[in-house]
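Coordinates in review
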Amino acid sequence: MNSYPKKNLKSGCEKTESFRCPKCKDRGLVYNPETDAMDDCECRERTLYETILRNSGISEAFRKKTFDTFQDKGNRELQKTKIAAIMYCKEFKQIQDNVSNSIAFLGQVGAGKTHLSIAIANNLMSENIGVLYMQYRDVITQLKQNMLDEYYYQKEISKYKNATVLLIDDLFKGKITETDINIMFEIINYRYLKGCPMIVSSEYTSDKLLNIDEAIGSRIIEKCDGRMIEFVGGNFNHRLNKRAI
Ligand SMILES: [Zn+2]
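Residues numbered from 1 in each chain as written. Predicted model: local features only at pLDDT ≥ 70, side-chain atom pairs only at ≥ 80, totals over all residues. Heavy atoms only, no water.

**A closer look at the overall build of the protein chain**
Looking only at helices and strands, one finds 9 helices and 10 strands in the protein chain. Long-range contacts, defined as pairs at least 24 residues apart, comprise 69% of the intrachain contacts of the protein chain with a sequence gap of at least 6. (Helix = DSSP H or I, 4+ residues; strand = E, 2+ residues; numbered from the N terminus. Contact = heavy atoms within 4.5 Å.)

**Remarks on the packing of helix H5 (residues 136-145) against helix H7 (residues 178-194)**
Closest axis-to-axis distance for the H5/H7 pair is 11 Å, and the angle between their directions is 100°. By the angle between their directions, the pair H5 and H7 is classed as roughly perpendicular. In contact with Tyr136, Arg137, Ile140, Leu143 and Lys144 of H5, H7 contributes Thr179, Asp180, Ile183 and Met184. Looking at the contact of H5 with H7 residue by residue, the classes come out as 5 nonpolar, 1 polar and 3 charged. (Axes fitted to C-alpha atoms, helices over the stretch in contact; angles between N-to-C directions. Parallel < 35°, antiparallel > 145°, perpendicular 65-115°, else oblique. Nonpolar A, V, L, I, M, F, W, Y, C, P; charged D, E, K, R; others polar.)

**Digging into the layout of surface pockets**
Of the volumes computed, that of the largest pocket is approximately 270 Å³. Taken together, 13 residues form the lining of the largest pocket, with Ile52, Ser56, Tyr133, Val139 and Tyr160 sitting closest to its centre. Listed by contribution, the elements that provide at least two residues to the lining of the largest pocket are helix H1 (44-56), strand E6 (131-135), H5 and helix H6 (150-162). Of the residues belonging to the lining of the largest pocket, the class tally is 7 nonpolar, 3 polar and 3 charged. Each of domain 1 (20-57) and domain 2 (65-241) contributes no fewer than three residues to the lining of the largest pocket. (1 Å grid on protein atoms, 1.4 Å probe; cavity = no way out; pocket = protein on both sides within 12 Å on 5 of 7 lines; lining within 4 Å. Points joined across faces, edges and corners; volume = space filled by probe spheres on them. Domains from an automatic or database assignment.)

**A closer look at the environment of isoleucine 183**
With respect to the secondary-structure elements, isoleucine 183 resides in helix H7. The class of isoleucine 183 is buried, set by a relative accessible area of 0%. Here the alpha-carbon distance between isoleucine 183 and lysine 144, two residues 39 residues apart in the chain, equals 8.5 Å. Discounting chain neighbours no more than four positions away, the residues touching isoleucine 183 are Ile140, Leu143, Lys144, Met147, Tyr153 and Ile157. (Buried < 20%, exposed > 50% of the residue type's maximum accessible area, 1.4 Å probe, protein only.)

**Topic: the pairing of strand E7 (residues 165-169)**
With 5 of 5 residues buried, E7 lies mostly within the body of the structure. Covered by surrounding structure in E7 are Val165, Leu167 and Asp169 together with Leu166 and Ile168, the residues of both alternating faces. Both E6 and E7 contribute to a ladder of 5 bridges, which runs parallel. Pairing of valine 131 across the sheet is with valine 165, part of E7. Alignment of E7 against strand E8 (residues 198-202), held across 3 bridges, turns out to be parallel. By the bridge assignment for E8, leucine 166 is matched with methionine 198. (Pairing = 2+ DSSP bridges.)

**A closer look at the nonpolar core**
Membership of the largest hydrophobic core comes to 58 residues, with the highest contact counts inside it found for Ile120, Ile168, Leu171 and Met184. At 7 residues, helix H4 (residues 113-126) tops the list of elements feeding residues into this core. For isoleucine 120, the residues in contact, after removing those within four places along its chain, are Phe67, Ala85, Tyr88, Cys89, Ile103, Phe105 and Ile199. Cys21, Cys24, Val30 and Cys41 belong to the second largest nonpolar core, which has 5 residues in total. (Core = buried A, V, L, I, M, F, W, Y, C linked by side-chain atoms within 4.5 Å.)

**Some points on the packing of aromatic side chains**
Tallied over the full model, the rule gives 3 aromatic pairs. A centroid spacing of 5.8 Å and a plane angle of 75° characterise the contact between tyrosine 88 and phenylalanine 92, whose relative ring orientation is edge-to-face. Residue tyrosine 88 and its partner phenylalanine 92 are both found in helix H3 (residues 76-95); the two are separated by 4 residues, about one turn of the helix. The class for phenylalanine 92 is buried, based on a relative accessible area of 1%. (Phe/Tyr/Trp six-rings, centres within 6.5 Å; stacked < 30°, edge-to-face > 60°.)

**A short note on the environment of asparagine 182**
Topologically, asparagine 182 is positioned in helix H7. We classify asparagine 182 as partly exposed; its relative accessible area is 46%. Between the C-alpha atoms of asparagine 182 and isoleucine 216, which are 34 residues apart in sequence, the distance is 9.5 Å.

Following this line, the structure appears as structure tokens:
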């Protein structure tokens, strides 16, 4: 994800270059003839989020989680889940502006929820769609530690509110406080009102999310209608939710 394709040297002086973003040739800027100025290219958000990942030291592990490396353990339920994740990527540009434009992987530990969430992120990023990775526990702790610094807090939380796509990994992992719920409501409600897509993974099922906080749970359910994959019981049995709220 982060390594640029090498220049492909052929014979003599003939060389061909490939760019991750052919539009700007990886410069991040494109010429706008109407204003006679350089504009940010659509790939800028993606490159920014890749830099954040690199700085957090998880870039390499993140990049390795693809659909190809997903272990379905020969389990039909997991195979179907993987197909649903791939379909989401294929349909993304058509459904991006719909109310239900998000996907969630909920329930049982060990089903590969994080892996599939990140595989979707990698796939969308390869299409120059900005996906911000939010490791729930780390981010919520950091936001709470900085709540008294209003300027910093607003600057940080606005990243999660405004990302084109937000991946919330392991939502509500650990002990849940009232402040955690308030912060997550601020982010999720903002994205709900603006119609921005989310990829959510959580050990909680939709019923449990509703129990934790009805407003948060119902917004996630609505945004993920038809794409809420819940692992319930053993053997990775899952149900694809299309439920009324
Ligand atoms: Zn570009």
